[in-house]
Amino acid sequence: MIEDFLCRVSGAGVPHSTEHSSDISQATVQNIPPADMCSLFWLLESIRLRYSYAINGIGVSRDFYAVTSVAPKNRLIAPVEFYASSYDSSTATSYLCRLNFATVYLGGNGQCGLKLLFSESDDSGAINLNLRPISGMQSLSQSVPFFNGTATVYLNYLTGAVTAAQINYFEILLSFAT
């Protein structure tokens, strides 16, 4: 159960102490209405990533959580960050998910954005699955639902090392405090 508390917030629904940036191009998730940004900031408990992709016929599947230990009431005074990382020795890939609410991005149309970082890369640097295309690499993309908006996932790869690539599915599941 969440206790009632009062807090003065900006138009984005977050405390004024949170940095607000007008450079929304830096956000990996955009077009978030202020009411949704408010819910994400104050009530988000965990981010679950479920995805599968294939490189040269070899399939990779993941299912992992990024969580925070900061209770909703304490988000006024404590930095809110969701983080998880690991390494898969069978595929020689490392992966991570990070969402930090240190900066909220504001668009000209009243929409907000945030920087969700996600990456899976192999030790050779030939494969990188993330939320941005990488210059100098071939890429496939897939739009995925994120709360009431969307994010785009990119499977970036070097054509000299990869002959076939595909994203089978990608889900971002959010859980909220009640």
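Residues numbered from 1 in each chain as written. Predicted model: local features only at pLDDT ≥ 70, side-chain atom pairs only at ≥ 80, totals over all residues. Heavy atoms only, no water.

Asks: Whenever I open this one, helix α1 (residues 34–43) confuses me. Can you help?
Replies: Residues spaced three or four apart along an α-helix point in a common direction, a consequence of the helix completing one turn every 3.6 residues. For α1, the set of buried residues is Asp 36, Met 37, Leu 40, Phe 41 and Trp 42. Each element contacted by the buried residues of α1 is listed here: β2 (29–32), β3 (44–55), β7 (103–106), β8 (112–114), β11 (138–146) and β13 (165–176). (Buried < 20%, exposed > 50% of the residue type's maximum accessible area, 1.4 Å probe, protein only. Helix = DSSP H or I, 4+ residues; strand = E, 2+ residues; numbered from the N terminus. Contact = heavy atoms within 4.5 Å.)

Asks: Help me out: how do you make sense of the side chain of Ser 52 in this one?
Replies: Among the secondary structure elements, Ser 52 is positioned in strand β3. A distance of 3.4 Å separates the side chain of Ser 52 from the backbone oxygen of Val 60, its partner in a polar contact. A polar contact of 3.5 Å, which involves the side chain of Ser 52, links it to the side chain of Ser 61. Apart from the residues lying within four places of it in its own chain, the contact partners of Ser 52 are Val 60, Ser 61, Ile 167, Asn 168 and Tyr 169. (Polar contact = N/O pair within 3.5 Å; in protein donor to acceptor, adjacent residues only side chain to side chain.)

Asks: Is there a simple way to explain the nonpolar core in this structure?
Replies: A general feature of soluble globular proteins is that nonpolar side chains tend to end up buried together. By size, the foremost hydrophobic cluster in this structure holds 44 residues, and its most contacted members are Ile 47 and Leu 116. In contact with Ile 47, not counting residues within four places along its chain, are Phe 64, Tyr 65, Ala 66, Phe 82, Cys 97, Leu 99, Leu 116, Ile 172, Leu 173 and Leu 174. (Core = buried A, V, L, I, M, F, W, Y, C linked by side-chain atoms within 4.5 Å.)

Asks: I tried to follow the layout of surface pockets on my own but got confused; where do I start?
Replies: If you roll a probe as big as a water molecule over the atoms, it shows you where there is empty space left. If you add up the space inside the largest pocket, you get close to 160 Å³. In this structure, the largest pocket is lined by 13 residues; those nearest its centre are Ser 17, Thr 18, Ala 78, Pro 79 and Phe 101. Here the residues of the lining of the largest pocket are counted per class, giving nine nonpolar, two polar and two charged. (1 Å grid on protein atoms, 1.4 Å probe; cavity = no way out; pocket = protein on both sides within 12 Å on 5 of 7 lines; lining within 4 Å. Points joined across faces, edges and corners; volume = space filled by probe spheres on them. Nonpolar A, V, L, I, M, F, W, Y, C, P; charged D, E, K, R; others polar.)

Asks: Would you take a moment to explain the packing of aromatic side chains for this structure?
Replies: Any aromatic ring pair is given by two values, namely how distant the centres are and how the planes are angled relative to each other. Counted by the stated rule, this structure contains 10 aromatic pairs. With centroids separated by 4.8 Å and ring planes inclined at 80°, the aromatic side chains of Phe 41 and Trp 42 adopt a geometry described as edge-to-face. The two residues Phe 41 and Trp 42 agree in class, both being buried. Summarising the aromatic geometry, the rings of Phe 64 and Tyr 95 are spaced 4.9 Å apart at their centres and angled 55° between planes, so their arrangement reads as tilted. Remark: Tyr 95 occurs in strand β6 (residues 93–100) and Phe 64 occurs in strand β4 (residues 58–67); sequence separation between them is 31 residues. A residue is classified by how much of its surface remains accessible, and Tyr 95, at 13% relative accessible area, is buried. Pairwise contacts between aromatic rings join Tyr 51, Tyr 53, Phe 64, Tyr 95, Phe 118 and Phe 170 into one cluster. (Phe/Tyr/Trp six-rings, centres within 6.5 Å; stacked < 30°, edge-to-face > 60°.)

Asks: Is there a simple way to think about the pairing of strand β9 (residues 116–122) in this case?
Replies: Side-chain positions along a regular strand alternate between the two faces of the sheet. With five of its seven residues buried, β9 lies for the most part within the structure. Both β9 and strand β10 (residues 127–130) contribute to a ladder of three bridges, which runs antiparallel. Bridge pairing links Glu 120 to Leu 129 in β10. (Pairing = 2+ DSSP bridges.)

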